[in-house]
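As a plain string of letters, each chain reads:
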Amino acid sequence: MNTLAQRLNVDHLLLQAPMAGSQGSALALAVCRAGGIGALPAAMLTPEALVQELTALSQGTTRPWNVNFFCHTPPAPDAAREARWREALSPFYAEAGLDIAAVPAGAGRVPFSHAVADLVEPFRPPIVSFHFGLPAPDLLARIKGWGSVVLSSATTVEEAIWLEAQGVDAVIAQGSEAGGHRGMFMTDDLTTQVGTFALLPQIAATVQVPVIAAGGIANAAGVRAALALGAAGVQVGSAYLCSDEALTSPIHRAALQSDAARHTALTTLFSGRPARGIVNRVMRELGPLNPAAPAFPTATAAIAPLRAHWEKQGRGDFSPLWSGQNASGCRSAPAAEITVALLQGFV
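Residues numbered from 1 in each chain as written. Predicted model: local features only at pLDDT ≥ 70, side-chain atom pairs only at ≥ 80, totals over all residues. Heavy atoms only, no water.

In spatial order, the strands read β7-β11-β10; together these 3 strands make up an open sheet with antiparallel pairing. In this open sheet, the two strands that pair with only one neighbour each are β7 (180-181) and β10 (264-267). (Pairing = 2+ DSSP bridges. Helix = DSSP H or I, 4+ residues; strand = E, 2+ residues; numbered from the N terminus.)

Written as structure tokens, this is what we have:
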């Protein structure tokens, strides 16, 4: 048993990836009860919803669970870029019969702050994890004061070195196969992003803290491969997206279980930051990395009405169909069954 597993009092470090918009506490609890470590994505939750979900987790299991936050810096308003973005989307609005002028600008995700910490502190989560770096040192010290284990994603060796220097308890090595948002925070250069099984051994050889592999791991064989390359544990996301407890929409589930899931790409169209999803109409027609997309998270506001319009027609043409490059493990099954199968990779 490795030191992090000992600290958390678990046999194996099988982490369910936090997947904002596709899950709540129900999935996290199901994973915990089956022997894994469930996660709650909190970046898009209202204060009331956050407290409600943390209450459900703290009362629903005695096993460790993880609550995840974003650490981005909100961008300064950029009217010119927003105008370019709306111009790029205007033909789609005209096609749908929607008024783009009626759409307010806004952001759907907020970074971790002392105000959020005030809500979280009474629950003293066993694990607090971050995407896009770490919060300010005083906030990080506050979380450590709760006794929480702190994790954060690294997409390069340099990011892993920085995270270790800031005092994280473990690094999540997020390979480029992973679905959803890239955790990159030291560079915007996508050519620095490499696959899990190239990134993992390099990080494991460089840092002293445990390393958790993420990206492309969908079954027990993938777990064994990650452990063989130096991982102390694994984090799995896409394999849970079609689980019974996930909140994944019918459109998204159908895409994940179709041949379309074999073609994913990194795109900035849905939020403003690179995130991996199944290629759909808007990604093909605008290009997945169109420079008109505003900075994270402000791209979301103008594309959301198009998403809503087409989803009502049963189409995911403008939806963020998040998926890793290996959706082969994405089954319609109880999360407990998926968890038990993945745990076989540790034995």
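In a soluble, globular protein the nonpolar side chains are often hidden away together inside. In this structure, Phe69, Phe130, Ile203, Val234 and Tyr240 are the most contacted members of the largest nonpolar core, which totals 68 residues. Here the element with the most residues in this core is helix α2 (residues 25-33); it accounts for 6 residues. With near-sequence residues (within four places) excluded, Tyr240 lies in contact with Leu14, Gln16, Met19, Leu27, Val31, Ala246, Ala335, Ile338, Thr339 and Leu342. (Core = buried A, V, L, I, M, F, W, Y, C linked by side-chain atoms within 4.5 Å. Buried < 20%, exposed > 50% of the residue type's maximum accessible area, 1.4 Å probe, protein only. Contact = heavy atoms within 4.5 Å.)

Here we come to the sheet that holds strand β5 (residues 149-154). Spatial ordering of the open sheet is given by β1-β9-β8-β6-β5-β4-β3-β2, a layout of 8 strands whose pairing is parallel. Strand pairing shows two members of the sheet lacking a second neighbour, β1 (14-16) and β2 (39-41), which therefore form its edges. Averaged over neighbouring strand pairs, the angle between their axes works out to 25 degrees when direction is ignored. With 3 bridges joining them, strand β8 (residues 211-214) and strand β9 (residues 233-236) adopt parallel strand pairing. Each residue of the ladder has a partner; that of Ala214, found in β9, is Gln235. (Axes fitted to C-alpha atoms, helices over the stretch in contact; angles between N-to-C directions.)

Now for the side chain of Arg182. On the secondary structure map, Arg182 appears in the loop between β7 and α8 (196-204). With no salt bridge to any partner, buried Arg182 finds its closest opposite charge in Glu177, at an N-O distance of 6.8 Å. Of the polar contacts made by the side chain of Arg182, one reaches the backbone oxygen of Gln174; its length is 2.9 Å. In contact with Arg182, other than residues within four places in its own chain, are His131, Phe132, Thr155, Gln174, Gly175, Ser176, Gln193, Leu266, Pro274 and Ala275. (Lys, Arg positive; Asp, Glu negative; His and termini not counted. Salt bridge = Lys/Arg side-chain N within 4 Å of Asp/Glu carboxyl O. Polar contact = N/O pair within 3.5 Å; in protein donor to acceptor, adjacent residues only side chain to side chain.)

Within helix α7 (residues 157-166) the residues assigned to the buried category are Val157, Glu159, Ala160 and Leu163. All buried residues of α7 project into a common sector of 160 degrees when viewed along the axis, lining one side. In α7, the exposed residues that point more than 90 degrees away from the buried face are Glu158 and Ala165. Phi for Gly167, located one or two positions after α7, is positive at around 105 degrees. (Arc of directions from axis to C-beta.)

Geometric descriptors of this kind do not, in isolation, establish any biological role.
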